[in-house]
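# Close look at the chain arrangement
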Amino acid sequence: DLPRFQYTARDVTSGLVFVAYADEISKTYATLFSAVISEHLRFCGVDLAGIEWQSDNGSEFKDSPTSPGLPSLVRSVGSGHHFIPPGACTWQGDVETVHRLQEDEFFDRETFRSPADFWSKTTLYWHHFNLTRRNRGKEWQSPAQIVHAKSSRLNPAVLSMPPLDLPKYLRDYVALSPPPGGSRCTRPSLF
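Residues numbered from 1 in each chain as written. Predicted model: local features only at pLDDT ≥ 70, side-chain atom pairs only at ≥ 80, totals over all residues. Heavy atoms only, no water.

## Focus on the overall build of the chain
- In terms of helices and strands, the chain carries 6 helices and 5 strands.
- Counting helices and strands in the order they occur from the N terminus, the chain gives β-β-α-β-α-β-α-α-α-β-α.
- Per-residue burial over the chain gives 41% buried out of 191 residues.
- Of the contacts made within the chain by residues no fewer than 6 positions apart, 61% connect residues no fewer than 24 positions apart. (Helix = DSSP H or I, 4+ residues; strand = E, 2+ residues; numbered from the N terminus. Buried < 20%, exposed > 50% of the residue type's maximum accessible area, 1.4 Å probe, protein only. Contact = heavy atoms within 4.5 Å.)

This is the structure:
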């Protein structure tokens, strides 16, 4: 009963990573993930106008006339977005490096007895990754050290967003939305 897919966002400057898990790859989950990250960053004092999102050309990231996607969402909060050129797989190198590291350091070494065990261990791993794991490619600094050096006034909570269970988050968010005909001003924020 563990999720099959991981959604990953990484800041190329600091190496800070945000992750989420789901049983499918979908535009709904990709957009929800970007919305939660954007709200988390905004809450922690990050100027969203300074954020540029990059994604591959997967259908889960694209806008369509009837279904806005990640580009529309992040632009609506003031951030930028661009797609990598088709076939330019090295442009996703930072994210792919994270995937290799987590395989070597985490998934190849851990076993999970239950969903609760998975969530506990994955939360601990990603907190370690962002707060204490030093990165050889970043002059042996952790993402926390780099973020602090870049902006010591930034809320340190920016470093500790837990991994998201996207299906659960979506169920909980939708359950909190107002009923049809209800007041729009009672709609909750995403985070």
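There's plenty left to go through after this.
## Considering the pairing of strand β4 (residues 80–83)
- Here 4 bridges tie strand β3 (residues 52–55) to β4, and the two strands are oriented parallel to one another. Looking at β4, one finds that Trp53 is bridged to His81.
- Between the parallel elements β3 and β4, the chain passes through helix α2 (residues 70–76) in a crossover that is right-handed. (Pairing = 2+ DSSP bridges. Right-handed = clockwise from strand over helix to strand, strands pointing away.)

## Topic: the packing of helix α3 (residues 93–107) against helix α4 (residues 115–131)
- For the pair α3 and α4, interaxial distance at closest approach is 12 Å and the crossing angle is 120°. Comparing their axes, α4 and α3 come out oblique. The interaxial crossing formed by α3 with α4 has right-handed handedness. The segment α3 lies against α4, with Val98, Leu101, Gln102, Glu105, Phe106 and Phe107 engaging Phe118, Lys121, Thr122, Tyr125, Trp126 and Phe129.
- A breakdown of the residues in the contact of α3 with α4 according to their chemical character gives 8 nonpolar, 2 polar and 2 charged. (Axes fitted to C-alpha atoms, helices over the stretch in contact; angles between N-to-C directions. Parallel < 35°, antiparallel > 145°, perpendicular 65-115°, else oblique. Left-handed = near helix turned anticlockwise from the far one by under 90°. Nonpolar A, V, L, I, M, F, W, Y, C, P; charged D, E, K, R; others polar.)

## Looking at the sheet that holds strand β1 (residues 5–10)
- Spatial ordering of the open sheet is given by β1-β2-β5, a layout of 3 strands whose pairing is mixed. For this open sheet the edge positions go to β1 and β5 (164–165), each flanked by a neighbour on one side alone.
- Across 6 bridges, the pairing between β1 and strand β2 (residues 17–22) is antiparallel. By the bridge assignment for β2, Arg10 is matched with Val17.
- Contacting β1, β2 and β5, helix α1 (residues 27–43) runs over the sheet at an angle of about 145° to β2.
- Strands β1 and β2 of the sheet are contacted by α3, whose axis makes an angle of about 125° with β1.

## Section: the confidence of the model for the chain
- Confidence along the chain averages 88 in pLDDT terms, with 91% of residues attaining 70 or more.
- Averaged over each element, pLDDT in the chain is lowest for helix α6 (residues 166–176) (84) and highest for β2 (98).
- Contacts of residues 183–191 to residues separated by more than four positions or lying in other chains number 20 contacts, the stretch itself having pLDDT below 50. (pLDDT = per-residue confidence, 0-100.)

## Some details on the pattern of salt bridges
- For the coordinates displayed, the defined rule picks out 8 salt bridges.
- Across the pair Arg42 and Glu39 runs a salt bridge, and its minimum N-O distance is 2.2 Å. Residue Arg42 and its partner Glu39 are both found in helix α1; the two are separated by 3 residues, about one turn of the helix.
- By relative accessible area, which is 44% here, Arg42 ends up partly exposed.
- Note on Glu39: relative accessible area 17%, which makes it buried.
- Several salt bridges share partner residues, and in doing so they unite Glu110, Arg113, Asp117 and Lys121 into one network. (Salt bridge = Lys/Arg side-chain N within 4 Å of Asp/Glu carboxyl O.)

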